[in-house]
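Listed below are the residues making up each chain.
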Amino acid sequence: MRTIATAGHVDHGKSTLVHALTGMNPDRLQEELDRQMTIDLGFAWLTLEGGQEVGIVDVPGHRDFIENMLAGVGSVDAVLFVIAADEGIMPQTREHLAILDLLQIPRGIIVLTKVDLVEEEWLDLVKDDVRTLFSTTSLKDAPILAVSAQEKIGLRELKQELTNVLDETPARMDTGRPRLPIDRVFSLTGFGTVVTGTLIGGSLREGQEVVILPGGLKARIRNLQSHKSKREIVRPGGRVALNLSGLDKSEIERGDTVTLVGQWKTSTMIDAYFCALADLAAPIKHNQEVKLYHGAAQRMARIRLIGQADIKPGEEGWVQLVLADSIVADRGDKFILRRPSPGATLGGGEVLDPSPDRHYRMKDVATLERLQKLHTGDARDVVLEHIRRIGPISMDQAFKEIDLEDRDGVVSTLIEKGELRTLEEGGKRSSTIVMTASAWERFRSQSEYVLNEYHQRFPLRVGMPLQEYRTRIKLDPKWAAAFITTARSEAWIQQDGNFIRLPSRLPSLSQKQQNQVDDLLEEFKVRPFNTPSRKDILKKIDEEILQYLIWSEELVSVSEDVFFTHETYAYAVKKIRTTFEQQETISVAQVRDLFDTSRKYALALMEHLDERGITIREGDVRRLIV
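None of these values were measured; they are calculated from a predicted model.

### Some thoughts on the sheet that holds strand 28 (residues 464-465)
- Read from one edge to the other, the open sheet built from three strands follows the order 28-30-29, with strand pairing classed as antiparallel. Lying at the two open borders of the sheet, with one neighbouring strand each, are strand 28 and strand 29 (494-496).
- Strand direction decides the pairing type here: strand 29 and strand 30 (residues 499-501), joined by three bridges, are antiparallel. Residue Q495 lies in a different strand from strand 30, and its bridge partner there is I500.

Written out as structure tokens, the structure reads:
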């Protein structure tokens, strides 16, 4: 299924031609019928001899309705550019052609209408003028056909040429991420809300849950139609009508986008390549207010120039558009910019990044190089730049956000060549984290620096607490586990419980510190179950040494203030287990007498065993669990 649009000056016969080709009058508004002039978008369709279905978007030609024209030409496969033979090239001929050229619509047919009203010599002159006008545009190779809708002259040849053009037009790529820019909203009695548009990016099915962006309203597709025929599934490239349940007509407007839930994000700022029209009266200025036309959406915006003072007529440049309201955009989308008031086309371009970081006007070589790669680079450059900016990212999500043919092959090749790194987690592609090799090396370097600094500050600590480590090197919780697992497999970090350290760095005591520890442990041996309190311990050693003794398992902390040597603690646990072999319960008083200690130590020991799940308290006694 294909979609084409008309273009051309007002009253040059676009709607009449569509009517002659399809048998349908695309003008649907009473005012259009009364004035015999297209005001808003009209729609019709036909089936060519080969069986190919073609939807036609008929656009208004009057300059007062140029904004409606822009809503209809953004996603078409080809254009029927209509020029009345008796009038020739007119103002909106030039403006429509400039818009189509900015949108880089490469295929179409130039249709000279009303040929029954002119002589052959005049028709030849018009053809020469038209060929000259189109010679430097994206439609320079478009065939020129002469027709008369009224007299049915040339219509058969026009249909055949349309078949030829569409046969040479590549089919719309289905990347599994559908977008339906809404160009019309209405309601039908007994059905409810209906939206129409030209589907791009992927297929839609009856019964699917969808979301309308940017508002985020959810609905379900009650039924689908294309060319007034009910469909269970519609594929990209065709005109589609969706009957949505759960939404009122007033909640949706032209320029909204129907998508599948969770697949698309909205943009309020985009990086773009921009080309200014050659006949502008003045250069494009930094921070100039403009009106953006993207798909069926219109948005006020500010144009921020990147790396240059202005963009002169006929020149191109990199820009960042800051939008007043969000849109659903993707890399490669075409757009038009117009002056808000009085309305005039300024130029157009291509979206390079739909969710960039904020750029500044000063010349940043890295930013300019990145924009150039996104604009002219091959698939490899596009994938690397995308993942470099937003990575690390799950491979599944990366594939959803990169609309390229053979993206699997491109990513696989980059991984094989070492330009992308995968952080395996779970063994499934959807849970595999991917990042650029350069980003991995930066994280490794940063990690080693942070950990080395920590070891120097705290030489007796086993390592940096895991949460602090994640924060210091800015590890996203979504992929921190995969990062740490991969780093451990490459042996450049070591994880001990909830601590991260460099493999070469283990805490060790100086001779002076060891002497202090020996003196302290001698007291523990003399009074194994009446050991020094924390306060007394810290009179002999500092807190860092105490934590080292706990980590190295020379001391066991059974409470904030009670510590035993590892040997004493192991003996106590074994003795208590042996006691349980002779009796079902034990009290704190019995534990006190068992080890010839005070209630303070006996209670701390039993509460510690409760926490470990070895014993359980029942009133004033404990019972063995394991």
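More follows now that the structure is in view.
### Overview of the pattern of salt bridges
- Evaluation of the coordinates by the stated rule reveals 25 salt bridges.
- Of the charged contacts in the structure, one is a salt bridge between E543 and R534, with a shortest N-O distance of 3.0 Å.
- Given a relative accessible area of 32%, E543 falls into the partly exposed group.
- For R534, a relative accessible area of 16% translates into the label buried.
- The partner of D593 in a salt bridge is R592, and the shortest N-O contact between them spans 3.2 Å.
- Owing to a relative accessible area of 32%, R592 belongs among the partly exposed residues under this scheme.
- Members of the salt-bridge network, linked through shared partners, are D271, D353 and R370.

### Quick word on the environment of Y548
- On the secondary structure map, Y548 appears in helix 16 (residues 543-551).
- Classification of Y548 as buried rests on a relative accessible area of 11%.
- Taking the C-alpha atoms as reference points, Y548 and L509, separated by 39 residues in sequence, lie 8.7 Å from one another.
- Excluding residues that lie within four positions of it along the chain, Y548 makes contacts with L460, P507, S508 and L509.

### Notes on the nonpolar core
- Within the largest apolar cluster, 53 residues are counted, with the highest numbers of intra-cluster contacts made by F134, I284 and L321.
- The element contributing the most residues to this core is helix 5 (residues 120-134), with five residues.
- Aside from chain neighbours lying at most four places away, what touches L321 is T268, M269, I270, L292, R302, I303, F335 and L337.
- In this structure, L466, Y469, I473 and A482 belong to the second largest nonpolar core, which totals 25 residues.

### Some remarks on the packing of aromatic side chains
- The full count for this structure, using the stated rule, is 15 aromatic pairs.
- A centroid spacing of 5.8 Å and a plane angle of 70° characterise the contact between W479 and F483, whose relative ring orientation is edge-to-face. The two residues W479 and F483 agree in class, both being buried.
- Both rings, one in F529 and one in Y571, keep their centres 6.3 Å apart while their planes meet at 50°; by these two values the pair is tilted. On the criterion of sequence distance, the pair formed by F529 in the loop between helix 14 (511-526) and helix 15 (534-540) and Y571 in helix 17 (residues 566-582) is long-range, its members being 42 residues apart.
- Taking the relative accessible area as the measure of exposure, Y571 reaches 44% and is therefore partly exposed.
- Aromatic ring contacts, followed pair by pair, group W440, F443, W479, F483 and W492 into a single cluster.
- Its end group placed over the ring of F186, R184 keeps NZ or CZ at 4.3 Å from the ring centre.

### Some words on the packing of helix 17 against helix 19 (residues 599-612)
- One can describe the packing of helix 17 onto helix 19 by two numbers: an axis separation of 12 Å at closest approach and a directional angle of 80°. Classified by the interaxial angle, the pair formed by helix 17 and helix 19 is roughly perpendicular. Residue-level contacts link Y569, A572, V573 and I576 of helix 17 to L605, M606, H608, L609 and R612 of helix 19.

### Looking at the pairing of strand 19 (residues 288-294)
- Burial analysis of strand 19 places six of its seven residues in the buried class, the great majority of the element.
- In this sheet, strand 20 (residues 297-306) lies alongside strand 19 in antiparallel orientation, the contact comprising seven bridges. Looking at strand 20, one finds that L292 is bridged to R299.
- Here strand 19 runs beside strand 23 (residues 334-339); their pairing, made up of three bridges, is antiparallel.

### A few points about the sheet that holds strand 25 (residues 393-394)
- Taken together, three strands build an open sheet; the order of strands is 25-27-26 and the sheet is antiparallel. In the strand order of this sheet, the two ends are held by strand 25 and strand 26 (420-423), each with one partner.
- Relative to strand 27 (residues 433-436), strand 25 is paired through two bridges, and the arrangement is antiparallel. Bridge assignment links I393 to a residue of strand 27, and that residue is V434.
- Strands in contact with helix 11 (residues 437-457) are strand 26 and strand 27; relative to strand 27, the strand with the most contacts, it is inclined by about 90°.

Cut-offs and rules
Residues numbered from 1 in each chain as written. Predicted model: local features only at pLDDT ≥ 70, side-chain atom pairs only at ≥ 80, totals over all residues. Heavy atoms only, no water. Pairing = 2+ DSSP bridges. Helix = DSSP H or I, 4+ residues; strand = E, 2+ residues; numbered from the N terminus. Salt bridge = Lys/Arg side-chain N within 4 Å of Asp/Glu carboxyl O. Buried < 20%, exposed > 50% of the residue type's maximum accessible area, 1.4 Å probe, protein only. Contact = heavy atoms within 4.5 Å. Core = buried A, V, L, I, M, F, W, Y, C linked by side-chain atoms within 4.5 Å. Phe/Tyr/Trp six-rings, centres within 6.5 Å; stacked < 30°, edge-to-face > 60°. Lys NZ or Arg CZ within 6 Å of the ring centre and 35° of its normal. Axes fitted to C-alpha atoms, helices over the stretch in contact; angles between N-to-C directions. Parallel < 35°, antiparallel > 145°, perpendicular 65-115°, else oblique.

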